[in-house]
Amino acid sequence: MKLSKKLEENKNAINNILPIEKSFDIIARDLIFGDRKAYLVFIDGFAKDDIMVWLLSHLQELKKENMNLKDVKDFIDKNISYIEVGLFEDLNELQTSVLSGAVGLIIDGENKGIIIDARTYPVRGPEEPDLEKVTRGSRDGLVETVVFNTALIRRRIRDEKLIFEMKSVGRRTKTDVVTSYIDDLVDKNLLNIINKKISEIDVDALIMGEKSLEELLIKKKWYNPMPQARFSERPDVVAAHLLEGHIAIVVDTSPSVLIVPVTMFHFTQHAEDYYQNPSVGTYLRWVRFLFMCFSLILSPLWLLLVNNKELLPEALEFLGPKEEILIPLFIQFIILEVGLDGLRLASIHTPNTLSTSLSIIGGLLIGELAIEVGLLVPETILYMVIVSLGTFTTPSIEFSMAIRMFRLLLLLLTGVFNLYGFIGGIILISIMFITTKNINGQRYTWPLIPFDKKALGNILVRKPIIEIKRNNEKN
């Protein structure tokens with residue numbers, strides 16, 4: 001609906017599209033500038049009080065001769081010195097802007113209104129994210145406000161080719177979604193595909209922020225737990241991916257950024273590798289690889305070997321419980337898997353003041369009592385501890401949960417079908433890894449399959465920055 005030159009008609013129309021009288025936080029005020037009536041609309045709690053007081057004080061001091069204007073733009077140029085000011089002609093634009101936190105102003109006799117972006121959001125400080133801590137490096141993290149997040153990224157990449165494109169998603173929430181990329185590094189075909197998919201999203205809301213957006217952008221089969229996008233709350237990590245040609249999608253109200261395209265090896269690297277010397281970073285990376293492999297295969301392999309003593313070489317004959325067991329080892333592992341997940345869920349819902357007590361109960365009392373009553377044997381607990389270490393050394397919580405699901409599948413198949421189940425499970429998991437593709441159609445296992453020697457070398461060895469820079473310049 002277009003604005004009219006009659007103020008009363010515009011006020012009635014605004015009252016129809018905004019619940020001004022029903023909702024206490026939507027404020028509307030009648031004002032007079034010189035000899036002209038005006039109407040102001042904003043959300044209480046979003047407008048910056050000091051800016052609005054200063055601006056309205058100045059406007060209400062205008063004389064009649066100051067209101068002899070050509071148009072609204074002339075009025076802005078002469079009387080509103082605030083930086084973030086725009087025009088609108090459609091009342092739907094006013095509705096969206098006001099509900100997003102901006103201030104709407106219309107003047108009698110003008111068919112264009114003014115949008116003053118003097119909004120501010122309640123926001124926490126940019127603290128280091130809990131899931132991506134480093135021993136050395138920056139301590140700032142992304143927050144829930146999209147403008148702050150883009151500023152944190154822009155601070156690290158002062159390149160005119162760094163682009164932030166904003167769209168609105170959700171019929172009811174109208175959530176701001178920003179696609180960020182470096183114009184001369186990004187894959188333009190992938191960028192067009194993502195922008196088209198975002199524009200075609202037809203939902204009421206992005207309930208879970210960037211996670212909801214990921215599921216709408218990337219069509220995944222329910223039985224495949226592998227993540228096909230990376231999430232990060234560190235602006236330095238996002239900047240590093242942008243400089244590699246990736247696309248980062250920032251969603252307002254979400255403190256993490258969605259990064260695409262990715263392969264499985266993007267989930268095995270951590271900022272800690274690059275804040276240490278190359279040799280130390282390489283060592284840390286290999287330790288991480290080792291424990292991630294343990295996380296997937298150690299407990300099913302131990303179960304297989306213990307249940308098939310004839311497969312054990314002489315050096316490993318010590319494996320397996322020496323005393324009589326009441327519960328089959330396979331069932332013990334299932335109990336431990338479910339118990340650890342229950343403990344993890346309990347820790348999420350436990351207040352920080354009680355978390356120490358919970359860890360003591362879970363780690364000491366339950367395990368010790370389970371051994372004493374014969375429910376579990378010490379070896380199963382030992383191997384589950386090593387497996388859990390592997391889970392926590394995985395930088396991506398999404399990828400670690402995928403490995404956990406595959407490990408549980410492998411345990412079930414090994415426990416039920418023995419050797420054939422173990423081999424069949426390994427083959428099934430391998431097929432899922434090899435056949436999965438990312439949003440760009442690239443193999444999930446690249447650069448291992450298909451094989452790329454140089455790219456795989458950069459993953460296995462943390463090379464000096466100067467060497468990576470030279471390789472990029474040659475390419």
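Note that the structure is predicted; figures quoted are calculated from it, not measured.

## Observations concerning the packing of helix α10 (residues 278-307) against helix α11 (residues 329-348)
Between α10 and α11, the shortest axis-to-axis distance is 10 Å and the interhelical angle comes to 165 degrees. Between α10 and α11, the interaxial angle falls into the category roughly antiparallel. Helix-helix and strand crossings are classified by hand; for α10 and α11 the assignment is right-handed. Touching S299, W302, L303 and V306 of α10 are L329, F330 and F333, all from α11. Split into classes, the residues belonging to the contact of α10 with α11 amount to six nonpolar, one polar and no charged.

## Structural notes on the packing of helix α1 (residues 7-17) against helix α4 (residues 91-99)
Interaxial distance between α1 and α4 falls to 11 Å at its minimum, and their mutual angle equals 55 degrees. When the axes of α1 and α4 are compared, the pair comes out oblique. The hand of the α1/α4 crossing is right-handed. In contact with A13, I14 and I17 of α1, α4 contributes L91, L94 and Q95. For the contact of α1 with α4, the class distribution of residues is five nonpolar, one polar and no charged.

## Observations regarding helix α3 (residues 72-79)
All buried positions along α3 are accounted for by V72, D74, F75, I76 and N79. Buried-residue contacts for α3 involve β1 (26-33), α2 (49-60), β3 (85-88), β4 (103-107) and β5 (113-116). Capping the start of α3 is the job of one residue whose side-chain oxygen sits 3.3 Å from the backbone nitrogen of K73: D71.

## Brief notes about unusual backbone geometry
A cis amide bond links V260 with the next residue in sequence, P261, at an omega value of -10 degrees. Along the chain, P261 turns up in the loop between β10 (257-260) and α9 (271-274). A cis amide bond, omega 10 degrees, links W446 with the succeeding residue P447. At K174, a position not held by glycine, the phi torsion is positive, near 50 degrees.

## Side note on the packing of aromatic side chains
A full pass over the atoms with the stated rule returns nine aromatic pairs. Measuring from ring centre to ring centre gives 6.1 Å for W286 and F289, while their planes differ by 90 degrees; the resulting arrangement is edge-to-face. A residue pair is termed a helical-turn pair when its members lie 3 or 4 positions apart in one helix, as W286 and F289 do in helix α10 at three residues. Their ring planes at 40 degrees and their centres at 6.2 Å tell us that F433 and Y444 sit as a pair that is tilted. In this pair, F433 sits in helix α14 (residues 397-435) while Y444 sits in the loop between α14 and α15 (453-460), placing the two residues 11 residues apart along the sequence. The residues F433 and Y444 share a single accessibility class, namely buried. Each member of the aromatic cluster is reached from another via a ring pair, and the members are W302, F333 and Y383.

## Brief notes about the side chain of S212
Mapped onto the secondary structure, S212 falls in helix α7 (residues 210-217). With sequence-adjacent residues up to four places away left out, S212 is seen in contact with L206 and I207.

## Side note on the sheet that holds β3
Taken in spatial order, the five strands line up as β1-β2-β4-β5-β3 in an open sheet, and their pairing is antiparallel. The outermost strands of the open sheet, each flanked by one partner alone, are β1 and β3. Strand-to-strand twist of the sheet, defined as the mean angle between neighbouring strand axes without regard to direction, takes the value 25 degrees. Sheet analysis places β3 next to β5, joined by four bridges and oriented antiparallel. Residue V85 lies in a different strand from β5, and its bridge partner there is I116. This element, α2, spans β1, β2 (36-43), β4 and β5 of the sheet and lies at about 30 degrees to β1.

## Looking at the environment of S388
Tracing the chain through its elements places S388 in helix α13 (residues 378-393). Each C-alpha atom of the pair S388 and L7 lies 67 Å from the other, and the pair is 381 residues apart in sequence. A polar contact is formed between the side chain of S388 and the backbone oxygen of M384, at a distance of 2.8 Å.

Conventions we followed
Residues numbered from 1 in each chain as written. Predicted model: local features only at pLDDT ≥ 70, side-chain atom pairs only at ≥ 80, totals over all residues. Heavy atoms only, no water. Axes fitted to C-alpha atoms, helices over the stretch in contact; angles between N-to-C directions. Helix = DSSP H or I, 4+ residues; strand = E, 2+ residues; numbered from the N terminus. Parallel < 35°, antiparallel > 145°, perpendicular 65-115°, else oblique. Left-handed = near helix turned anticlockwise from the far one by under 90°. Contact = heavy atoms within 4.5 Å. Nonpolar A, V, L, I, M, F, W, Y, C, P; charged D, E, K, R; others polar. Buried < 20%, exposed > 50% of the residue type's maximum accessible area, 1.4 Å probe, protein only. Polar contact = N/O pair within 3.5 Å; in protein donor to acceptor, adjacent residues only side chain to side chain. Phe/Tyr/Trp six-rings, centres within 6.5 Å; stacked < 30°, edge-to-face > 60°. Pairing = 2+ DSSP bridges.

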